[in-house]
Every structure is written in C-alpha cells, then in structure tokens.
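So you can see what is in the structure, the chains are spelled out below.
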Amino acid sequence: MTSQQDNDKKLAAETAVSMLRSGMTVGLGTGSTARFALQAIAEQRLSIKGVPTSRQTAELARSLGIPLVDINDVPYIDITLDGADEFTPSLDLIKGGGAALLHEKIVAVRSRQLVIMTDASKRVAQLGKFRVPVETIPFAVRYVQDRIAAMGASSSVRHGVLTDEGNAVIDADFGLISDPAALGAQLKAITGVVEHGIFAGMAALVLMGDNGKVERFPQVSGG
C-alpha cells in the first residue's frame, strides 16, 4: 500500500531529478526519499555519474544501472540530492537517521548545490524534535556520552549499528536547538567525535512534497 507520505516523497524526488542534466556528477543520498530519486534517474535514463553516500545507495544505483564514480576522482559534484530527518524553513537540517551522516556531509561539502527532498512531516520551526546523531569512534563512546551529558543532553548508543567507516552512532537529545551551528561546533570539538548530523546552512534548496504538490524553501515572494 502506497501512503500519501510516500507519494509526497516521490513527488519531491521527481521534482529534484528534473533539475539534473546529462553529463552532471550527482551526489546520491541515502534513505527512502533518495531511493525514489535513484529510481527516477534510472527511469529517465539520465546520463550522469553518481557519487553514493553509502554502500546501500551504491548497491541500489548499480542494480538500476546508474554509473558510479569515486568521490576522489572528481574535482567537484554538480548537485547532490538527499533527504533529511528534519528541516527548518531557514534550511537548517538534522540528518543521519540512516547512519550515513559522515559520507553525506562530505558529499555535501564537495557539491556546488545541495538539494533536499522531503515530505511535510520533516518540517519544523526549530530543530530538535529528532535527536542529533553523533558519529563516534567506538573507543571514545563512553567519553563522548559523558561530554554530551555535561552539555545538558541525554543520549543513547544506536546498538547493532555501525557506519560505513566502522564507527558508532550516538543519538543525543538536546531538546529544541536555538543555535544549530554553535551546537554543531561544540560537538565537533569533542575528542573522538568524527561528525554530527547538524547540517547548518549547507542546503541550497528544500523541495517538500505536501498533499500532491511541491513547496520550495527558501520561499520566493512574487514581485
């Protein structure tokens, strides 16, 4: 059974794919909405080179016949299509629910444009409803959790989950986040933290499917 939420994700993904042009190097995100984008790329037989953000995405891309390229073999990525766990209208994001946050962020910073595809359930006025994923080397898990507790947050280790780099994921609950960039900097400064799931000011565009239509953020007012 296809839900309205899935329909909205698919619509957002198809709208994002319409931005692609033959010859582009395209970052391929991880997650349910990104899967819709890969399927649309394959169906339209777009002649692009993909840079996957996870092994899972790489496997799906290969199965769909989408050619892949190593991120270290390209000077830049034209555009990346990815999802988000939360976004604000000011384009701050939380990502990492699929444990691909490190690769997603590396692909994002190598991209000329990061386009986020989502449904309306992911829109929030302020980040923090979704816990912040923190990718941590296994040796430092206890220490990182202690430092997170000292910052006033509770946390839990995502048991049975390792990232593609073999790291652990700690999910931290900071409540509503008033300054995402500052919190991200604090987390990144903790010894043993490899990356965190706050993507502050990195997205160029969010395409949100909502009951059969697509809303764009930032919103452009008419002249």
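Going by the structure above, here's the rest.
Every value quoted in this text rests on a predicted model; they were computed, and no experiment measured them.

Thresholds, definitions, all that
Residues numbered from 1 in each chain as written. Predicted model: local features only at pLDDT ≥ 70, side-chain atom pairs only at ≥ 80, totals over all residues. Heavy atoms only, no water. 1 Å grid on protein atoms, 1.4 Å probe; cavity = no way out; pocket = protein on both sides within 12 Å on 5 of 7 lines; lining within 4 Å. Points joined across faces, edges and corners; volume = space filled by probe spheres on them. Helix = DSSP H or I, 4+ residues; strand = E, 2+ residues; numbered from the N terminus. Phe/Tyr/Trp six-rings, centres within 6.5 Å; stacked < 30°, edge-to-face > 60°. Lys NZ or Arg CZ within 6 Å of the ring centre and 35° of its normal. Polar contact = N/O pair within 3.5 Å; in protein donor to acceptor, adjacent residues only side chain to side chain. Contact = heavy atoms within 4.5 Å. Axes fitted to C-alpha atoms, helices over the stretch in contact; angles between N-to-C directions. Parallel < 35°, antiparallel > 145°, perpendicular 65-115°, else oblique. Left-handed = near helix turned anticlockwise from the far one by under 90°. Nonpolar A, V, L, I, M, F, W, Y, C, P; charged D, E, K, R; others polar. Pairing = 2+ DSSP bridges. Salt bridge = Lys/Arg side-chain N within 4 Å of Asp/Glu carboxyl O. Buried < 20%, exposed > 50% of the residue type's maximum accessible area, 1.4 Å probe, protein only.

Caption draft 1: Expanded view of the layout of surface pockets. Empty space within the largest pocket amounts to approximately 320 Å³. Lining the largest pocket are 16 residues, with Val51, Pro52, Asp70, Ile71 and His103 sitting closest to its centre. Of all elements in the fold, only strand S2 (49-52), helix H3 (55-63) and helix H4 (101-109) reach the threshold of two or more residues within the lining of the largest pocket. Its boundaries defined by the atoms lining it, the second largest pocket holds a volume of some 260 Å³. Together, 19 residues line the second largest pocket, and Thr30, Gly31, Ser32, Ala84 and Asp85 are the ones closest to its centre.

Caption draft 2: Examining the packing of aromatic side chains more closely. This model, assessed by the stated rule, comprises 1 aromatic pair. Looking at Lys105, its charged tip hangs above the ring of Phe199, at a distance of 4.7 Å from the centre. The ring centre of Tyr76 lies 3.6 Å from the NZ or CZ of Arg112, which sits over that ring.

Caption draft 3: The arrangement of the side chain of Arg158 in detail. Relative to the elements of secondary structure, Arg158 occurs in the loop between strand S8 (154-157) and strand S9 (168-173). A distance of 2.9 Å separates the side chain of Arg158 from the backbone oxygen of Gly97, its partner in a polar contact. Looking at Arg158, its side chain comes within polar contact range of the side chain of Asp171, at 2.7 Å. Apart from residues no more than four positions distant in its own chain, Arg158 is found in contact with Gly96, Gly97, Gly98, Ala99, Pro133, Val169 and Asp171.

Caption draft 4: The side chain of Asp119, seen in detail. Along the chain, Asp119 turns up in strand S6 (residues 114-119). A distance of 3.2 Å separates the side chain of Asp119 from the side chain of Gln5, its partner in a polar contact.

Caption draft 5: Local environment of the packing of helix H1 (residues 4-17) against helix H2 (residues 32-44). Between H1 and H2, the shortest axis-to-axis distance is 8 Å and the interhelical angle comes to 50 degrees. Judged on the interaxial angle alone, H2 and H1 are oblique. Where H1 crosses over H2, the handedness of that crossing is right-handed. Across from Asp6, Lys9, Lys10, Ala13, Glu14 and Val17 in H1, the residues of H2 making contact are Ser32, Thr33, Phe36, Ala37, Ala40, Ile41 and Gln44. For the contact of H1 with H2, the per-class residue count stands at 6 nonpolar, 3 polar and 4 charged.

Caption draft 6: Geometry of the pairing of strand S13 (residues 213-217). Of the pairings in the sheet, the one linking strand S12 (residues 205-210) to S13 comprises 5 bridges and is antiparallel in character. Bridge pairing links Gly209 to Val214 in S13. In sequence, S12 turns back onto S13 through a hairpin of 2 residues, with Asn211 there showing a positive phi of about 50 degrees.

Caption draft 7: Structural context of the pattern of salt bridges. Counted by the stated rule, this structure contains 8 salt bridges. Glu104 is the partner of Lys95 in a salt bridge, and the nearest nitrogen-oxygen pair spans 3.3 Å. The residues Lys95 and Glu104 share a single accessibility class, namely buried. If you follow the salt bridges from partner to partner, you end up with Asp82, Lys95 and Glu104 in one network.

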